Amino acid sequence: AAPISPVLSTAMQRTCDAETSALTLISGGRAITDARPVISRHTRGMRVRRAANGLVFEQTAMETTGDTRLRFLVSPSGAVSDARLSGSAMDAYAAANPGTDMLRLAADLADDVPERLMVGRTLSVGDLYYPEALQRGLIERMGASLGLPFLIDGSLDIHYRGEVVRQDRRAWRFSGEMTIGGD
């Protein structure tokens, strides 16, 4: 299998509708005996378009807590710049968390966008999709976004497996395990 150098389509976009359920069993070190699930619904979307100096990514989220828009530039080498967050959910987050470096948060979230990891890369069979340097930050941010009051560790052992044919179309296959744990 020859190495690949993916090119993102600027005609593509993705939209995902999801419903999640969260059940808090322990809060402040105490068991919650009458726990009830909290159900939330959200729609996420992403678009990519060409810019003079690379690609502009725009990721959106519509949730019960409000809307969020993450817009950032990606250079031809895959580097993120000019990451900005906006929307009612981000306004509420900034108000509830004064002192948060919103530009740093935007840059971290931009790093986490899976499609961004394709830009400027050449992959051979067996290469990790999430570079090891990025894995630690992703895992830490995942734990924080889940509201876990303890440190977690894990790995994102997702590898490029080669080219496959699905429904008469060529596709690149990535697979592996994501493991996260903590006490």
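Overview of the structure. From a predicted model like this one, the values you see are computed outputs, not experimental measurements.

Bringing the overall build of the chain into the picture now. Scanning the chain from N- to C-terminus turns up three helices and nine strands. Reported as C-alpha extents along the three principal axes, the dimensions of the chain are approximately 55 × 35 × 30 Å. The buried share among the 183 residues of the chain stands at 29%. Considering only residue pairs separated by 6 or more positions, the chain has 41% of its internal contacts joining residues 24 or more positions apart. Here the chain contributes 21 positive and 22 negative side-chain charges, whose respective centroids are spaced 5 Å apart.

Now for the environment of R30. Structurally, R30 is set in strand β3 (residues 30–31). Exposure remark for R30: the relative accessible area of 65% places this residue in the exposed category. Separated by 44 residues in sequence, R30 and V74 have C-alpha atoms that sit 45 Å apart.

So, about the pattern of salt bridges. Counted by the stated rule, this structure contains eleven salt bridges. Salt-bridge contacts for D82 lead to R84; the nearest nitrogen and oxygen are separated by 3.2 Å. The exposure class assigned to D82 is partly exposed, which follows from its relative accessible area of 36%.

Membership of the largest hydrophobic core comes to 15 residues, with the highest contact counts inside it found for F57, L70 and F72. The set of elements that each furnish at least two residues to this core consists of β4 (38–51), β5 (54–63), β6 (66–74), β7 (80–86) and α2 (102–111). With three residues, β6 is the single largest residue contributor to this core.

This next bit is on the sheet that holds β6. Strand order in the open sheet made by the five strands is β1-β4-β5-β6-β7, with antiparallel pairing throughout. The open sheet is flanked by β1 (13–22) and β7, the only strands paired with a single partner. If you compare each strand with its neighbour and ignore which way they point, the axes differ by 15° on average. Pairing between β4 and β5: ten bridges, direction antiparallel. Following the sheet pairing, R50 is matched in β5 by L55. The strands touched by helix α1 (residues 88–96) within the sheet are β6 and β7, with β6 carrying the most contacts at an inclination of about 95°. α2 contacts β6 and β7 of the sheet and is inclined by roughly 110° relative to β7.

The next subject is the packing of aromatic side chains. Under the definition given, this model contains four aromatic pairs. Ring geometry for F57 against F72: centres 5.0 Å apart, planes inclined by 15°, an arrangement best described as stacked. In this pair, F57 sits in strand β5 while F72 sits in strand β6, placing the two residues 15 residues apart along the sequence. As far as the burial class goes, F57 and F72 line up, both buried. Arranged with centres 5.3 Å apart and planes meeting at 45°, the rings of Y160 and F174 form a pair that is tilted. Of the two residues, Y160 sits in strand β8 (residues 152–166) while F174 sits in strand β9 (residues 169–182), which places them 14 residues apart along the sequence. A relative accessible area of 25% means that F174 is categorised as partly exposed. Counting every residue linked through ring pairs, the aromatic cluster contains Y129, Y130, Y160 and F174.

Definitions and cut-offs
Residues numbered from 1 in each chain as written. Predicted model: local features only at pLDDT ≥ 70, side-chain atom pairs only at ≥ 80, totals over all residues. Heavy atoms only, no water. Helix = DSSP H or I, 4+ residues; strand = E, 2+ residues; numbered from the N terminus. Buried < 20%, exposed > 50% of the residue type's maximum accessible area, 1.4 Å probe, protein only. Contact = heavy atoms within 4.5 Å. Lys, Arg positive; Asp, Glu negative; His and termini not counted. Charge placed at Lys NZ, Arg CZ, Asp CG, Glu CD. Salt bridge = Lys/Arg side-chain N within 4 Å of Asp/Glu carboxyl O. Core = buried A, V, L, I, M, F, W, Y, C linked by side-chain atoms within 4.5 Å. Pairing = 2+ DSSP bridges. Axes fitted to C-alpha atoms, helices over the stretch in contact; angles between N-to-C directions. Phe/Tyr/Trp six-rings, centres within 6.5 Å; stacked < 30°, edge-to-face > 60°.

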